[in-house]
Amino acid sequence: MPETGSDVFLIDRKVRDAVVTMGEKNTSIFGLILWSGFSQVLISYKKAERLKGKSKWTVGKKIKLFVDTFVAFSYFPIR
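Residues numbered from 1 in each chain as written. Predicted model: local features only at pLDDT ≥ 70, side-chain atom pairs only at ≥ 80, totals over all residues. Heavy atoms only, no water.

Caption draft 1: How the structure looks around the overall build of the protein. Each helix and strand counted, the protein has three helices and zero strands in total. For the protein, the sequential pattern of α-helices and β-strands runs α-α-α. In the protein, which comprises 79 residues, the proportion classed as buried is 13%. Accessible surface for the protein amounts to roughly 7500 Å². Of this, 61% is attributable to carbon and sulfur atoms. (Helix = DSSP H or I, 4+ residues; strand = E, 2+ residues; numbered from the N terminus. Buried < 20%, exposed > 50% of the residue type's maximum accessible area, 1.4 Å probe, protein only. Areas by Shrake-Rupley, 256 points an atom, 1.4 Å probe, with all protein chains shown as cover.)

Caption draft 2: Seen up close, a nonpolar patch on the surface. Residues Val-59, Ile-63, Phe-66, Val-67, Phe-70 and Val-71 make up a contiguous nonpolar surface patch of roughly 580 Å² in combined accessible area. Checked against the element boundaries, Phe-66 lands in helix H3 (residues 59–72). (Patch = residues over 30% accessible without salt bridge, like charges linked within 9 Å, V, L, I, M, F, W, Y side chains within 5 Å. Salt bridge = Lys/Arg side-chain N within 4 Å of Asp/Glu carboxyl O.)

The following block contains the structure:
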C-alpha cells in the first residue's frame, strides 16, 4: 500500500477479472487490487488543493471503510 494512499488507478482486464472472481463485498477495491498479486507501478504527483466543492467522504464513511477493510484483510476477527 503506498504511504500516501491512492487516488486513481488503471488496471487491465486480467486484474479486473481476478478481482471480480473474488466475489468480495463491502471492502476496499484498492486493497483487492493490491492483494491480487499483479505487478504495479506507482506514479507520484503533487496533490493540488480542492478549488470547488466539498468531499463526500464523511467520518462515518471512512470508519465503515476501515472496519470493512480490516475484517476482510485480517485474521484477527476470526480469532
